[in-house]
Amino acid sequence: MSENRVIGNKNSLPWHLPDEWAHFRKVTDGKPFLMGRKSFEAPDALHSTYKNVILSSATPESGSPETVYVKDISAALALLSGEDTVFVLGGASVFLEMLPIVQKLYLTIVHAQVEGDAFFPVVNQDDWILISSEFHEQDEKHEFSFSMNVYERKNTG
Ligand SMILES: NC(=O)c1ccc[n+]([C@@H]2O[C@H](COP(=O)([O-])OP(=O)(O)OC[C@H]3O[C@@H](n4cnc5c(N)ncnc54)[C@H](OP(=O)(O)O)[C@@H]3O)[C@@H](O)[C@H]2O)c1
């Protein structure tokens with residue numbers, strides 16, 4: 001997300017950051033994804049080669065064996081219950097619904113204020129510990145600098 005929490009504009013990412021994209025691909029490689037229908041259909045979407053669980057009120061014919069449509073979060077979680085790790089890929093409403101449930105945030109902060117129509121929810125910093133942060137400078141291939149942050153939920157036990 002940008003510093004003003006934008007994650008998308010007109011169903012696309014508002015930036016082109018190749019090294020961040022490479023990091024995203026590497027971290028999520030081979031893992032199952034959970035995402036909203038619009039994010040899945042976005043022209044620049046990353047799809048899992050293993051399993052894509054897509055939230056939608058409609059249940060279109062699946063285009064491929066690794067893609068399953070579900071009507072709500074509980075159906076998605078039931079379908080993914082056997083998985084060790086699931087990546088929640090957005091968009092806005094899916095991040096909002098899943099933020100209270102997830103244990104880890106891979107949250108890249110793009111150091112810019114950008115225009116958009118999809119937003120990441122407010123993250124309560126009291127709930128999370130920053131466990132790693134990698135800063136990437138702005139350069140000729142990256143119009144904005146960014147920080148690839150990983151947070152873990154604080155143990156409230
Ligand atoms: N920066 C990032 O990391 C990032 C990540 C993902 C997406 N994005 C951006 O975010 C934008 C898309 O996100 P968005 O928030 O507009 O849409 P979205 O969450 O990807 O998709 C919304 C759709 O998902 C379905 N849906 C969501 N929650 C559901 C639920 N609980 N039960 C049933 N269906 C549910 C509905 O589909 P139906 O209409 O079919 O019922 C809804 O219209 C794009 O601009 C994209 O580029 C950015």
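Above this text sits the structure in question.
Just so you know, these numbers come straight off a predicted model, no measurement behind them.

Parameters and conventions
Within each chain, residues carry numbers counting from 1 in the order of the written sequence. Confidence filtering applies because this is a predicted model: local features only for residues at pLDDT of at least 70, side-chain atom pairs given and counted only at 80 or more, and all residues used for totals across whole chains, interfaces and linings. The rule is simple: place the C-beta atom from the backbone, and if it lies within 6 Å of a molecule or strand, the residue is near it. Runs of H or I in DSSP of at least four residues are treated as helices and runs of E of at least two as strands, each being numbered from the N terminus. When residue character is reported, Ala, Val, Leu, Ile, Met, Phe, Trp, Tyr, Cys and Pro are called nonpolar, Asp, Glu, Lys and Arg charged, and the others, Gly included, polar. The term nonpolar core means buried Ala, Val, Leu, Ile, Met, Phe, Trp, Tyr and Cys residues held together as one set by C-beta atoms within 7 Å. Think of it as a crowd count around each C-beta: if 20 or more other C-beta atoms lie within 10 Å the residue is buried, if 12 or fewer it is exposed, and in between it is partly exposed, with C-beta placed from the backbone throughout. Should DSSP find at least two bridges between two strands, the strands are regarded as paired. Throughout, a residue-residue contact means that the two C-beta atoms, derived from backbone geometry, are no farther apart than 7 Å.

Draft legend 1. Structural context of the site of the ligand. Taken together, 27 residues are adjacent to the ligand, and Gly8, Gly36, Ser39, Gly90 and Gly91 come closest. Secondary-structure elements contributing two or more residues to the shell around the ligand are strand 1 (6-8), strand 2 (33-36), helix 2 (37-41) and helix 4 (92-98). Classifying every residue of the shell around the ligand gives 11 nonpolar, 11 polar and 5 charged.

Draft legend 2. Local environment of the nonpolar core. Ranked by internal contacts, the top residues of the largest apolar core, which has 21 residues, are Ile7, Leu34 and Met35. The set of elements that each furnish at least two residues to this core consists of strand 1, strand 2, strand 3 (52-55) and helix 4.

Draft legend 3. Quick look at the sheet that holds strand 5 (residues 87-88). Pairing in this open sheet of 4 strands is parallel, and the strands run 4-3-2-5 from one edge to the other. Here the strands that pair on one side only, and so sit at the sheet edges, are strand 4 (67-70) and strand 5. In terms of strand pairing, strand 3 meets strand 4 through 4 bridges, oriented parallel. Opposite valine 53, over in strand 4, you have valine 68 as the bridge partner.

Draft legend 4. Seen up close, the pairing of strand 2. Burial along strand 2 is two-sided: the face carrying Phe33 and Met35 and the face carrying Leu34 and Gly36 are both buried. Pairing of strand 2 with strand 3 involves 4 bridges; the strand directions are parallel. Counted as the bridge partner of glycine 36 is leucine 55 from strand 3. Sheet topology places strand 2 next to strand 5; 2 bridges connect them, and they run parallel. Across the sheet, the residue bridging to leucine 34 is valine 88, located in strand 5.

Draft legend 5. Region of the structure containing the environment of leucine 34. Following the sequence through the fold, leucine 34 ends up in strand 2. Residue classification places leucine 34 among the buried positions, given that 25 C-beta atoms sit within 10 Å. As for leucine 34 and histidine 142, which are separated by 108 residues in sequence, their C-alpha atoms are 28 Å apart. Contacts of leucine 34, omitting those with residues within four sequence positions, involve Val53, Ala76, Leu80, Val86, Val88, Leu89 and Val94.

Read these as geometric descriptors, not functional statements.
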